[in-house]
Amino acid sequence: MANNVVELHDVSKSIHNHTILHGINLEVRNGEFLTLLGPSGCGKTTLLRLISGFEDLTTGKIFIDGNDVEGQPPHLRHVHTVFQSYALFPHMTVFENIAFGLRCQKLPKNEIEHRIAEVLKIVKLEKYIQRKPDQLSGGQQQRVAIARAIVNRPLVLLLDEPLSSLDYRLRKTMQLELKQLQRKLGITFIFVTHDQEEALSMSDRVVIMHEGSIEQIGTPRQVYEEPQNLTVAKFIGEVNQFDSEIIAIDGKRVTVDIQGKRRIAKTGRTFSIGEKVHVLVRPEDLRVWGQSEVEDTSDMFPGVVEEVIYKGTTVDLMVRLSNNTLVASTQFFDEDDDRLEYAMGEPVWTTWLSGWEVVLPYET
Amino acid sequence: MKHDNGFKYFSLSAIWLWLSIFALFPLCLVTLASFLSHDQDSLVRLPFTITNYLNLFNPLHLTLKIFERSFYMAGFCTLICLALGYPFAFLIARLKNSWKNFLILLIIIPFWTSSLIRTYSMMTLLKSKGVINTILLSLHIIDKPLSLLYTDTAVLIGLVYNLLPFMVLPLITNIERLDNQLIDAARDLGANRLTTLIRIILPLTMPGILAGCILVFLPAMTIFYIPDLLGGAKSILLGNVIQSQFLVSQNWPAGSAMSIVLTLLLGFLLIIYWRSKRDKEAGELL
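I will try to describe carefully the structure that is included in this document.

Reading the values: rules and limits
- Residues numbered from 1 in each chain as written.
- Chains lettered and ligands numbered in written order.
- Predicted model: local features only at pLDDT ≥ 70, side-chain atom pairs only at ≥ 80, totals over all residues.
- Heavy atoms only, no water.
- Helix = DSSP H or I, 4+ residues; strand = E, 2+ residues; numbered from the N terminus.
- Buried < 20%, exposed > 50% of the residue type's maximum accessible area, 1.4 Å probe, protein only.
- Contact = heavy atoms within 4.5 Å.
- Areas by Shrake-Rupley, 256 points an atom, 1.4 Å probe, with all protein chains shown as cover.
- Lys, Arg positive; Asp, Glu negative; His and termini not counted.
- Charge placed at Lys NZ, Arg CZ, Asp CG, Glu CD.
- Pairing = 2+ DSSP bridges.
- Axes fitted to C-alpha atoms, helices over the stretch in contact; angles between N-to-C directions.
- Core = buried A, V, L, I, M, F, W, Y, C linked by side-chain atoms within 4.5 Å.
- Buried area = accessible area lost by both parts, 1.4 Å probe.
- Salt bridge = Lys/Arg side-chain N within 4 Å of Asp/Glu carboxyl O.
- Phe/Tyr/Trp six-rings, centres within 6.5 Å; stacked < 30°, edge-to-face > 60°.
- Disulfide = S-S within 2.5 Å.
- Parallel < 35°, antiparallel > 145°, perpendicular 65-115°, else oblique.
- Left-handed = near helix turned anticlockwise from the far one by under 90°.
- Nonpolar A, V, L, I, M, F, W, Y, C, P; charged D, E, K, R; others polar.

1. Some points on the overall build of chain B
When helices and strands are tallied, chain B shows 13 helices and two strands. Once the C-alpha set of chain B is aligned to its principal axes, its extents read approximately 75 × 70 × 40 Å. With 286 residues in all, chain B has 38% of them scored as buried. Within chain B, residue pairs in contact and separated by at least 24 positions form 67% of the contacts whose partners lie at least 6 positions apart. For chain B, the exposed surface amounts to about 17300 Å²; the carbon and sulfur share of it is 73%.

2. Quick word on the overall build of chain A
Across its full length, chain A carries eight helices and 20 strands. In terms of its C-alpha atoms, chain A occupies a principal-axis envelope of roughly 80 × 45 × 35 Å. Buried positions account for 49% of the 364 residues belonging to chain A. If you take every contact in chain A between residues at least 6 apart in sequence, the share linking residues at least 24 apart comes to 67%. The distance from the centre of the 40 positive side-chain charges to the centre of the 51 negative ones in chain A is 8 Å.

3. Some points on the sheet that holds strand β11 (residues 240–250) of chain A
Residues and elements named next belong to chain A. Strand order in this open sheet of five strands is β13-β12-β11-β14-β20, and the pairing throughout is antiparallel. Each edge of the sheet is formed by a strand with only one pairing partner; in this case those strands are β13 (261–266) and β20 (358–361). The average angle at which neighbouring strand axes cross in this sheet is 45°, direction not considered. As paired strands, β11 and strand β12 (residues 253–258) are joined by five bridges and run antiparallel to one another. Of the residues in β12, the one forming a bridge with Glu 245 is Asp 257.

4. Describing the nonpolar core
Ranked by size, the top nonpolar core spans 68 residues in total, and within it A:Phe89, A:Phe100, B:Cys77, B:Ile172, B:Ile200 and B:Leu230 carry the most contacts. Once residues within four sequence positions are removed from consideration, B:Leu230 is found in contact with B:Thr119, B:Met122, B:Met123, B:Leu126, B:Leu149, B:Tyr150, B:Thr151, B:Ala154, B:Val155 and B:Gly158. Core analysis: the second largest hydrophobic core is formed by 34 residues, A:Phe33, A:Ile116, A:Val119 and A:Leu159 among them.

5. Side note on the sheet that holds strand β4 (residues 59–64) of chain A
Residues and elements named next belong to chain A. Ordered by their spatial adjacency, four strands build an open sheet running β2-β1-β4-β5, and the pairing between neighbours is antiparallel. Both outer strands of the open sheet, β2 (18–29) and β5 (67–68), are each paired with one neighbouring strand and no more. As defined by bridge partners, strand β1 (residues 4–15) adjoins β2 across eight bridges and the pair is classed as antiparallel. Bridge pairing in β2 links Lys 13 to Leu 21. Against the sheet, helix α1 (residues 44–52) touches β1, β2 and β4, its axis set at about 120° to β1.

6. Let's talk about the side chain of A:Gln140
Along the chain, A:Gln140 falls in helix α4 (residues 138–150). Not counting residues up to four positions away in its chain, the partners in contact with A:Gln140 are A:Leu125 and A:Tyr128.

7. Points about the interface of chain B and chain A
Taken together, the contacts link 20 residues of chain B with 27 residues of chain A. Where chain B abuts chain A, roughly 2000 Å² becomes buried across the two surfaces, and 58% of that area is made up of carbon and sulfur atoms. Area buried by chain B at its contact with chain A is led by B:Asp188, B:Leu189 and B:Arg199, which between them contribute 34% of it. We note a salt bridge from B:Asp184 to A:Arg49, for which the minimum N-O separation is 3.1 Å.

8. Focus: the packing of aromatic side chains
A full pass over the atoms with the stated rule returns 15 aromatic pairs over all chains. Arranged with centres 5.5 Å apart and planes meeting at 40°, the rings of A:Phe33 and A:Phe189 form a pair that is tilted. With A:Phe33 in strand β3 (residues 33–37) and A:Phe189 in strand β8 (residues 188–193), this pair connects stretches of sequence that are 156 residues apart. A:Phe33 gets classed as buried once you look at its relative accessible area, which sits at 0%. Ring geometry for B:Phe71 and B:Phe217: centres 5.2 Å apart, planes at 75°, overall edge-to-face. With a gap of 146 residues between them, B:Phe71 in helix α3 (residues 63–93) and B:Phe217 in helix α10 (residues 206–222) connect regions that are remote in the sequence.

9. A short note on the state of the cysteines
For the coordinates displayed, the defined rule picks out zero disulfides over all chains. Of all cysteine sulfurs in the structure, the one in B:Cys77 sits closest to B:Cys81, which takes part in no disulfide; the separation is 4.2 Å.

10. A look at the pairing of β1(A)
Residue and element names in this part refer to chain A. Counting the residues that bridge the hairpin from β1 to β2 gives two residues, and of these His 16 lies at a positive phi of roughly 50°. Here β1 runs beside β4; their pairing, made up of five bridges, is antiparallel. Paired with Glu 7 across the strands is Phe 63, a residue of β4.

11. Here we look at the packing of helix α8 (residues 180–188) of chain B against helix α9 (residues 193–204) of chain B
Residue and element names in this part refer to chain B. Where α8 contacts α9, the axes come no closer than 10 Å and their chain directions differ by 160°. On the basis of the axis angle, α8 is roughly antiparallel to α9. Two packed elements cross with a definite hand, and for α8 against α9 that hand is right-handed. Residues Leu 182, Ile 183 and Ala 186 of α8 lie in contact with α9, whose contacting residues are Thr 196, Ile 200, Ile 201 and Leu 204. In the contact of α8 with α9, the residues fall into six nonpolar, one polar and no charged.

12. A few points about unusual backbone geometry
Even without being glycine, A:Lys124 reaches a positive phi, approximately 55°. Considering the arrangement of structural elements, one finds A:Lys124 in the loop between α3 (109–122) and α4. Classification of A:Lys124 as exposed rests on a relative accessible area of 55%. A positive phi is found at B:Gln250, a non-glycine position, where the angle reads about 55°. Its place among the elements puts B:Gln250 in the loop between α12 (238–247) and α13 (252–285). For B:Gln250, a relative accessible area of 33% puts it in the partly exposed group.

Structure follows, in structure tokens:
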């Protein structure tokens, strides 16, 4: 078990006969940055509180560093939590806040001072040692909260949406800072967020949760490019969904029928002929051509531009296809297409490169 | 904006006018009376004198003793209210909203009846043939009636009963605002319940504790009908003395002097409270 610092075996949690988490199996590797990602109410915070010891399991087992932690109070688990609102003690200085855990352990005074000086250096707050929390900026408070947790030298740091109260710019900076801090400390981070962009940009692995279950565990690239089901695909980024049917199979290449047009798609999954499937295409993979730009339209879908959104680095289009579905396309400026001028109501052709789509079994 | 200002000035001046006529002006009269001489027929007369104040410190008049006794009684009552009220307020503040509102309503309902009448009903509970003694006797827990009424205990019970809501309500509002995550954080860092209470919960609810103590202590010093009804002739507190100076001995100047000294004392306590609050806020702004 040396590689897995936390293991969850078939963990479930019910409150008042209402199941919040069912059958969670999860292995957290030592030193990784793992993110629990899901919409609010999916049970990710509850899962965190089960690991930290603030809530008791209904069934299952949790191992931390190889030990079954059932019934153990939070501070004996070698995990510490950074709370959503940081939960800094407002009546104490930065020093007293960070010293709180060490004083509870009754460490000698010089040891406490030494360890605080050490973590303050790591989070770059040496100058603010005598300040009260409300005299610090949001980012500084965040760093104090992290310092207060890591000064106890936990095996795992649990972070419960710690960036959600910061404004966009600061959040970006703190994402980078957190990631760097995690690398420097080598502590395992379990990070909870509902922001998929945050999850993708910070994590080594992402756990996607939905209605109390884990939908997929994988690297950011895996969950984005190879979603295991429709829920994951729709939650991570935007996706255009075409409902179709398998017509022919040739190894990893399948022929699908989309709106009467035949297209070749690549997939690692096994399907049978006649099976209904979803073909998913990300907006950045969907190409939009003007009428005059194309000749062969045999695998393209006709539509009309309904909305043009200029975003600086990209132009986002909403195209109404002839079967009345609305698809989104993100166009990048490049040497082929440096103008990207579309008029609303302009008839266009949409297509994508074969192999850039994801084929998933049909879900009702 | 102009309209808003007009409303602001109107309501402010209305309150100022009201307070000037019915609070400030009487206070001035009392201050004036406290420096005048006693007269049987016309209540007060010239010349100006400070005898009334000097008499307060005259050991023969026992006023200082009564001051001290009232101070202890009020202090004791405040402590009991705090000891009873804090856990109670804590429980209520942590409840779900529907239960919380119901329980707060229960605290407020007694206010719908005059406190004087409630004190009379207290007498029927406490007197020697009253409810408590009858029940205890019939259960054979005691074989002769306890003398509850007309003791200091009865006065304390009455004071605590009447003033407990003034302790509980500010505490509830204060404890409600306490962030649950702070208690979780303390637990996370290894604090046991006692440490969490002493280091986190009590310091953070101190404004509520101080507000509650002031709201209990001030009336406890001056309510005269509770010691009058429940303490009888034996339990004389400052409120009673002032009342009897005005209504029984008809010595308005002496009663006024006592009132003024009491007002100054209580004002002094308030100033200490404000200073501690302001210093704390100033400290936080640094």
